[in-house]
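Here is what each chain is made of, one letter per residue.
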Amino acid sequence: MFTQISQHFSLHTVLRSSFWATSSVLVLLAALGSYSLSMAADSSASAQANSSAAANSKLKPALTVTTTQPTIADIPLRLAANGNVQAWQEAIIGSEANGLRIQELHVNIGDVVQRGQLLASFVSETVQTDLAAAQASVAEAAANLAEAQANAERARNLQNTGALSAQQIGQYLSAEATAKARLDATKAALAAQQLRMKHTRVLAPDAGVISARTATFGAVVQSGAELFRMIRQGRLEWRAELTAAEMARISNGGEAIVTAPGGAQWKGKVRMVAPVLDAQTRNGLVYVDLQPPKEAKAAGVFKPGMYAKGEFLLGHSAGLTIPQQAIVVRDGFSYVFRLNKDGKVTQVKLQTGRRVTQPQGEVVEVLSGLQAGQTVVVSGAGFLNDGDLVKVVNPAADKPAAAAVAATTASTQK
């Protein structure tokens, strides 16, 4: 009896435990189901909100911009080149005196000199002594000639009287000729000494700028030794390097603008196009005379040996242009944003050409990618993407596009 009661009590305990375990599982499953339904509802509501926000953002203009249309402008034709700046002609001033010592130097490198200006002088005591001796010799020869001429004149007068023999008369006439020749020789020697005296003073052969000085105070120089170098008349030229095809476009007398490394610009005139090309580089030289402006502050910005860039002015031609501000550079390419009738913009790739500065700003030539009459975005172009909806603030410049933008905006607001 006790055994049956124990078994019955154990069975009842097991059944009660099973009941509570089953109830717990059911409660847990119900809670999980409720949470899943709540999460699904929240996700659906979030998706709908995001979709609505995206739709609203697409309907609103991305940016307020200004627009313009390409215009036909007269653009100068220019040919860019590089080259060296050199002296037009560099004169070498040397010594014509032999074995004389430099006494004074009157100029230095960079000095501007005039034709005939004293540059240097030599010690002249020795030359003065030789000059005095030559002058004395001339005086002596002149006196001898005068005596010989007097004797020869008397001999001519007595020639028919028989007072003098023919031999004596011939001697007097020969002495006259000899004295005359001796006077001429002494005069030549005097001229040589006078020339030596002149060479003791080194004068500028032309106006210009002293570019080098090798003369040293107190040095004894020989004839032909270099003393100074001078840029004749201070004239400089730009020697531009061009290919054969480019040289064919240049003619004598053409204009050019040369820019120094510091940014200063001088005008130039083509003096000569080289008749030959370099066998190694296949390039030729175009010699351009530089014309400095009248402003004193611009002087000296170009120096011989300087490397400078420049442009040859070849005329003008018409081209389709847009403002520089309208061009957006991305990934190394030039783009503009074309405004469509629906108020959206389309990114268009351009091929650009020449650039020119006008009173209203810098404009760029369009070679391909855009046509006349199309409308492009100017201000705000750098912040746009392909397909963006924009709002135009200059409707007078583009009434059809502005009307389309207004209509599109009104429809989206409804």
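Quick notes on the rules
- Residues numbered from 1 in each chain as written.
- Predicted model: local features only at pLDDT ≥ 70, side-chain atom pairs only at ≥ 80, totals over all residues.
- Heavy atoms only, no water.
- Salt bridge = Lys/Arg side-chain N within 4 Å of Asp/Glu carboxyl O.
- Helix = DSSP H or I, 4+ residues; strand = E, 2+ residues; numbered from the N terminus.
- Buried < 20%, exposed > 50% of the residue type's maximum accessible area, 1.4 Å probe, protein only.
- Polar contact = N/O pair within 3.5 Å; in protein donor to acceptor, adjacent residues only side chain to side chain.
- Pairing = 2+ DSSP bridges.
- Core = buried A, V, L, I, M, F, W, Y, C linked by side-chain atoms within 4.5 Å.
- Contact = heavy atoms within 4.5 Å.

Draft legend 1. Fine view of the pattern of salt bridges. Throughout the structure, instances matching the rule amount to 12 salt bridges. Where R271 meets E237, a salt bridge forms, and the shortest distance between an N and an O atom there is 2.4 Å. Placement of R271 in strand β14 (residues 265–273) and of E237 in strand β12 (residues 236–243) is noted, with a sequence separation of 34 residues between them. Across the pair R271 and D289 runs a salt bridge whose closest N-O atoms are separated by 3.3 Å. Residue R271 is located in strand β14, and its partner D289 is located in strand β15 (residues 283–291); the two are separated by 18 residues in the primary sequence. Looking at R271, the relative accessible area reads 33%, which means it is partly exposed. Taking relative accessible area as the criterion, D289 reaches 16% and is therefore assigned buried. The structure contains a network of salt bridges with shared partners spanning R235, E237, R239, R271 and D289.

Draft legend 2. Molecular detail of the side chain of T375. By secondary structure assignment, the location of T375 is in the loop between β20 (361–368) and β21 (376–377). Among the polar contacts listed, one links the side chain of T375 to the side chain of Q69, at a separation of 3.3 Å.

Draft legend 3. Quick look at the sheet that holds strand β10 (residues 220–221). Taking strand neighbours across the sheet as the criterion, the 4 strands line up as β8-β7-β5-β10 in an open arrangement whose pairing is antiparallel. Each end of this open sheet is capped by a strand with a single partner; those strands are β8 (201–203) and β10. The pairing of strand β5 (residues 100–105) with strand β7 (residues 118–122) spans 3 bridges and is antiparallel. The partner of L105 across the bridge, within β7, is A120.

Draft legend 4. Quick peek at the nonpolar core. Of all hydrophobic cores here, the largest spans 29 residues; its most connected members are V113, L119, F122, V202, L227 and F228. Elements that contribute at least two residues to this core include exactly β4 (90–94), β5, β7, α2 (125–157), α3 (166–199) and β11 (226–232). Considering every element that reaches this core, the biggest residue donor is α2, with 7 residues. Once residues within four sequence positions are removed from consideration, V202 is found in contact with I93, Q117, L118, L119, A120, F122 and L227. Among the nonpolar cores identified, the runner-up in size contains 23 residues, and A87, I250, W266 and F302 belong to it.

Draft legend 5. Summary view of the pairing of strand β3 (residues 71–87). Pairing analysis gives 14 bridges linking β3 to strand β16 (residues 307–323), with the strands arranged antiparallel. Within β16, the position partnered with T71 by the bridge is T321. The pairing of β3 with β12 spans 6 bridges and is antiparallel. From the neighbouring strand, Q86 faces β12, where its bridge partner is E237.

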